[in-house]
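Close look at the chain arrangement
Take a look at the letters that make up each chain.
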Amino acid sequence: MRLKVTCEDRLGLTRELLDILVEHHIDLRGIEIDISGIIYLNFPTLDFAALQHLLPAIRRTPGVFDVKTIACMPSEQEHNATRALLKVLPDAVVAIDMQGKITLANDAACSLLQQTTAQLLQQYLGPLLKGIHISRWLEQASPQPLNKKVTLEGEPYLADLLPIWLTEESGEQSLAGAVVVLKSAYRIGLHFKAMRSGDTGHFDGIIAHSPAMEKLLSEAKRLATLDAPLLIQGETGTGKELLARACHQASLRGEGPFILLNCAAIPDTAAENELFGYAAGAFGNNMQGKRGVLEQANGGTLLLDEIGEMSPLMQLKLLRVLQDGVFRRVGDEQEVKVDIRVICTTQQDLACLVQGGQFRQDLFYRLNVLNLHIPPLRERQKDILALALHFCTRFAAELERPRPRLANNLSEYLQHYPWPGNVRQLRHSLYRAISLLEGDELSLALLALPEQNSLQGLDALCEGSLDEAAKGFERLLLERLYPQFPSTRQLAKRLNVSHTAIANKLKDYGIGKHKK
């Protein structure tokens, strides 16, 4: 039970209130006094009858203006608010006393240090961090806020050390401890990236070490600034939407909206409403109306994902919008004019769909003004390992664990696996593997990749002579098996030949340690 007593500032009033509690045999748990003329009382919960006698007795006290029950004391409210704030903070926050012992730790700190709050309390924080002497900093005459790079479990963090000063009645300040905030390098990178969102590095998030991707990004940066329709083609999982967003952000419309419509996921009956919207009253009692994605994207970019799946009727309606920039909402007579840039993505060959009569030729030429083709991951071998390390770093940070190292045979296997699902398959496989990882080494078994029955590039062998085809098949076979048997003796045993013969063939074909 907690009471808020509003009263005048009179000497002895608090003692009179305490006497009333003693008279009613009430054990006081806490009292707080506000200089504005409020006294807060905390005592065990009373039944209704006892409360009926207590409240009038307090109100009859000279100088008391009002008394009422409240949910919590001011200190409790402040304490609960602080705990709630610390609980939702994504960064680790630890409070320490003058000896450097932990007196408070939020949930993020417990997760980072892999201990419960009870285990952390009264531990010294210094031994848990490498790169900083906390006790030496606290011993300074007047320690100032400090930013220091530290290492925790082998991972880099930025530690913000903030001294806690208390003001004495004399007006002098005394040091009572400090608050330490630990920020991961990954989160700092995200913050820095957000601050630079208006800069020109809109394609920095796309990893490109292979010649094919370097050429693609060079073209994309030039085409992004143009306002004509852009067609992006590529297999599923290659990152078409990521490239489209980068082109939008790098364009003059980068500050405008970016709206996506998945043409494959919307049935034909709903596609028109989704694209053009509908007028108020167009459907029974619906008097609200709705803006379609064309209006929502006005002044920005509309991304039509999997444009090859759009129905012939919707293709015809879209053609007019591209020609005139005007359309009508469903059930409306008034025309709406929009200023948008259209970017389309597809994993299909639109030219073949045009020849087969499945896609309008006039719309194809309207959309295919500017075009980009993203190569599949199997044609970007130099990007695979860089992507894998990038995803490992990212997922380890998200799962709050050190980045695992790759097993000896895993790097080679990743670069020779055909990746039918492209970057998306690589990303999902690594996320699953890191989520299940118990040690600190990522092995091939954890990736659980489906076996591919056919060797990539086998069809190309049919174009040469028999001798060329035999050598080509031999090279493909060795490239496929080497990641699983990464030594000449293991591979020789697998193929039932001498290890000397295998070593010579690996050298001839530039496989493994002999990579050219």
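The structure displayed is predicted, hence computed values, not measured ones.

Broken down by element type, the protein carries 21 helices and 20 strands. For 516 residues, the compact-globule formula gives about 24 Å, and the C-alpha radius of gyration of the protein, at 34 Å, lies well above that figure. Projected onto the principal axes, the alpha-carbon positions of the protein cover approximately 110 × 75 × 45 Å. The buried share among the 516 residues of the protein stands at 40%. Taking the intrachain contacts of the protein between residues at least 6 apart in sequence as the baseline, contacts between residues at least 24 apart amount to 63%. Averaging the positions of the 56 positive and the 60 negative side-chain charges in the protein gives two centres separated by 6 Å.

Taken together, five strands build an open sheet; the order of strands is β11-β14-β17-β10-β18 and the sheet is parallel. The sheet is open, and its two edges are formed by β11 (258-262) and β18 (370-373), each paired on a single side. In this sheet, adjacent strand axes meet at a mean angle of 20° when their direction is disregarded. Helix α8 (residues 211-224) contacts β10 (230-233), β17 (341-346) and β18 of the sheet and is inclined by roughly 155° relative to β18.

The predicted model of the protein averages 86 in pLDDT, with 93% of residues at 70 or higher. Here residues 196-200 is modelled with pLDDT under 50, and outside its nearest four sequence neighbours on either side it reaches two contacts, counting other chains as well.

Judged by nonpolar contacts, the single largest core of 31 residues is most densely connected at L275, L294, L302, L304, I307 and F359. Residue assignment for this core shows that the elements contributing at least two residues are β11, α10 (268-276), α11 (293-296), β14 (301-305), α12 (312-324), β17, α13 (350-355) and α14 (361-367). Take this core: its biggest share by element is four residues, from α12. Setting aside its immediate chain neighbours within four residues, L275 contacts L261, G292, V293, L294, L302, L304 and M314.

Enumeration over the complete set of coordinates arrives at six aromatic pairs. When the centroid spacing of 5.8 Å and the interplanar angle of 10° are considered together, the rings of F391 and F395 count as stacked. Residue F391 and its partner F395 are both found in helix α15 (residues 381-398); the two are separated by four residues, about one turn of the helix. Given the relative accessible area of 4%, F395 is considered buried. Pairing Y417 with W419 gives two aromatic rings, centres 4.8 Å apart and planes at 70°, and the pair type is edge-to-face. For the pair Y417 and W419, one class covers both residues: buried.

Right, let's get into the pairing of β10. The alternating pattern of β10 places L230 and I232 and L231 and Q233 on opposite faces, both of which are buried. In terms of strand pairing, β10 meets β17 through four bridges, oriented parallel. Within β17, the residue paired with L231 across the bridge is C344. Pairing between β10 and β18: four bridges, direction parallel. Note on β18: the bridge partner recorded for I232 is L372.

A few words now on unusual backbone geometry. Of note in this structure, Q122 is not a glycine but carries a positive phi near 75°. Considering the arrangement of structural elements, one finds Q122 in the loop between α5 (117-120) and α6 (134-138). Under the relative-accessibility criterion, Q122 is labelled partly exposed at 48%.

A surface patch of nonpolar side chains, amounting to about 280 Å² of accessible area, comprises L85, V88 and L89. Relative to the helices and strands, L85 is located in helix α3 (residues 74-88).

Turning our eyes to something else, we now look at the pattern of salt bridges. The full count for this structure, using the stated rule, is 24 salt bridges. Between R328 and E335 there is a salt bridge whose closest N-O contact spans 3.9 Å. Classification of E335 as partly exposed rests on a relative accessible area of 37%.

Take the packing of α10 against α12 next. Running from amino to carboxyl end, α10 crosses α12 at an angle of 15°, the nearest separation of the two axes being 11 Å. When the axes of α10 and α12 are compared, the pair comes out roughly parallel. The interaxial crossing formed by α10 with α12 has right-handed handedness. Note on element contacts: α12 touches α10 through M314, K317 and V321, opposite D268, A271, E272, L275 and F276. Looking at the contact of α10 with α12, its residues break down into five nonpolar, no polar and three charged.

Okay, the packing of α8 against helix α9 (residues 240-250) next. Axis separation between α8 and α9 bottoms out at 8 Å; the angle between their running directions is 40°. Classified by the angle their axes make, α8 and α9 are oblique. Crossing of α8 over α9 shows right-handed handedness. Only L243, C247 and A250 of α9 make contact with α8, whose side of the interface consists of L216, L217, A220 and A224.

On to the sheet that holds strand β8 (residues 155-167), then. Read from one edge to the other, the open sheet built from five strands follows the order β6-β5-β9-β8-β7, with strand pairing classed as antiparallel. Every interior strand has two partners, whereas the edge strands, β6 (102-105) and β7 (146-152), have only one. Neighbour-to-neighbour, the strand axes of this sheet turn through a mean angle of 30°, independent of strand direction. Two elements, β8 and strand β9 (residues 173-184), share eleven bridges in a ladder whose sense is antiparallel. Along β9, the bridge assignment pairs L162 with V179.

Note on placement: Y413 falls in helix α16 (residues 408-416). Sequence separation between Y413 and L104 is 309 residues, and the spatial gap between their C-alpha atoms is 46 Å.

This paragraph deals with the environment of Q361. Topologically, Q361 is positioned in helix α14. Considered as a pair, Q361 and L350 are eleven residues apart in the sequence and their alpha carbons are 9.2 Å apart.

Tracing the sequence through the fold places S184 in strand β9. Here S184 is in contact with P156 and Y157, once residues within four sequence places are set aside.

Definitions and limits used
Residues numbered from 1 in each chain as written. Predicted model: local features only at pLDDT ≥ 70, side-chain atom pairs only at ≥ 80, totals over all residues. Heavy atoms only, no water. Helix = DSSP H or I, 4+ residues; strand = E, 2+ residues; numbered from the N terminus. Rg over C-alpha atoms; globule rule 2.2 N^0.38 Å. Buried < 20%, exposed > 50% of the residue type's maximum accessible area, 1.4 Å probe, protein only. Contact = heavy atoms within 4.5 Å. Lys, Arg positive; Asp, Glu negative; His and termini not counted. Charge placed at Lys NZ, Arg CZ, Asp CG, Glu CD. Pairing = 2+ DSSP bridges. Axes fitted to C-alpha atoms, helices over the stretch in contact; angles between N-to-C directions. pLDDT = per-residue confidence, 0-100. Core = buried A, V, L, I, M, F, W, Y, C linked by side-chain atoms within 4.5 Å. Phe/Tyr/Trp six-rings, centres within 6.5 Å; stacked < 30°, edge-to-face > 60°. Patch = residues over 30% accessible without salt bridge, like charges linked within 9 Å, V, L, I, M, F, W, Y side chains within 5 Å. Areas by Shrake-Rupley, 256 points an atom, 1.4 Å probe, with all protein chains shown as cover. Salt bridge = Lys/Arg side-chain N within 4 Å of Asp/Glu carboxyl O. Parallel < 35°, antiparallel > 145°, perpendicular 65-115°, else oblique. Left-handed = near helix turned anticlockwise from the far one by under 90°. Nonpolar A, V, L, I, M, F, W, Y, C, P; charged D, E, K, R; others polar.

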